[in-house]
Amino acid sequence: MAEIKIQNVPALGTPLGQYSHITRVKASEFLYIAGQLSTNREGKVVGADDFDAQCVQVFANIETALKSAGAGWGNVVEFTTYMVHSQDIPKFMTFRKRVFPTFFPNGAYPPNTLLMIDRLVGEPFLIEVQTVAAL
């Protein structure tokens with residue numbers, strides 16, 4: 001069983017959103033989940049013009065991947081988020097404020113690096129999230 005300690009470093013200031021500065025991990029196994037997009041089981045795009053719908057599907061896909069390896073949200077040690085429109089950052093923060101307390105009820109949110117990029121693999125995609133978990 002992984003030992004995961006998520007914390008903030010006071011000298012770095014208060015995080016700007018639902019994330020923490022560092023994760024300290026002692027584990028025998030790591031799970032690297034490829035960046036998840038807003039596609040369903042059939043590979044169809046969900047919420048082509050709806051950022052919130054895409055977030056819901058992306059995180060549902062992450063949860064499916066975690067469960068397939070016998071893991072859950074408590075095993076997540078890091079996220080890397082890719083977005084194509086900076087104007088969606090407030091929507092992303094609102095989504096995280098709404099759902100992260102249910103994913104991480106102890107309030108220890110994994111570190112997240114947010115990157116703005118020109119585009120993702122397909123034009124309809126607005127967000128992609130890569131995840132690292134420890135088992």
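Scroll up for the structure.
For clarity, every value in this text was computed on a predicted model and none was experimentally measured.

Caption draft 1: Inspection of the overall build of the protein chain at higher detail. Along the protein chain, the regular secondary structure elements total two helices and six strands. Ordered by position from N to C terminus, the α and β elements of the protein chain give β-β-β-α-β-α-β-β. On C-alpha atoms alone, the protein chain measures out to a radius of gyration of 15 Å, which is about the 14 Å that the 2.2 N^0.38 rule sets for 135 residues. Its C-alpha atoms give the protein chain principal-axis dimensions of about 40 × 35 × 25 Å. By the burial criterion, 41% of the 135 residues in the protein chain qualify as buried. For the protein chain, restricting intrachain contacts to residue pairs at least 6 apart in sequence, the fraction spanning at least 24 positions comes to 74%. Surface accessibility of the protein chain: about 7500 Å² in total, with carbon and sulfur atoms responsible for 53%. Between the centroid of the 11 positive side chains of the protein chain and the centroid of its 12 negative side chains there is a distance of 7 Å.

Caption draft 2: Just helix 2 (residues 89-103), in detail. Helix length check: helix 2, at 15 residues, gives a terminal C-alpha distance of 20 Å against a target of 21 Å (1.5 Å per residue), a fit within 8%. The axis of helix 2 is deflected most strongly, by about 35 degrees, at Lys97, and proline Pro101 appears within four residues downstream. Looking at the buried residues of helix 2, the elements they touch are helix 1 (51-68), strand 4 (76-83), strand 5 (112-116) and strand 6 (127-134).

Caption draft 3: Local environment of the environment of Tyr32. Position of Tyr32 relative to the elements: it lies in strand 3 (residues 30-36). Judged by relative accessible area, Tyr32 falls into the exposed class, the value being 60%. For the pair Tyr32 and Met93, spaced 61 residues apart in sequence, the C-alpha separation works out to 24 Å. Residue contacts for Tyr32: discarding those within four places in its chain leaves Thr131 and Val132.

Each value, and the rule that gives it
Residues numbered from 1 in each chain as written. Predicted model: local features only at pLDDT ≥ 70, side-chain atom pairs only at ≥ 80, totals over all residues. Heavy atoms only, no water. Helix = DSSP H or I, 4+ residues; strand = E, 2+ residues; numbered from the N terminus. Rg over C-alpha atoms; globule rule 2.2 N^0.38 Å. Buried < 20%, exposed > 50% of the residue type's maximum accessible area, 1.4 Å probe, protein only. Contact = heavy atoms within 4.5 Å. Areas by Shrake-Rupley, 256 points an atom, 1.4 Å probe, with all protein chains shown as cover. Lys, Arg positive; Asp, Glu negative; His and termini not counted. Charge placed at Lys NZ, Arg CZ, Asp CG, Glu CD. Expected span 1.5 Å × (residues − 1). Bend = angle between axes of the 7 residues up to and from the residue.

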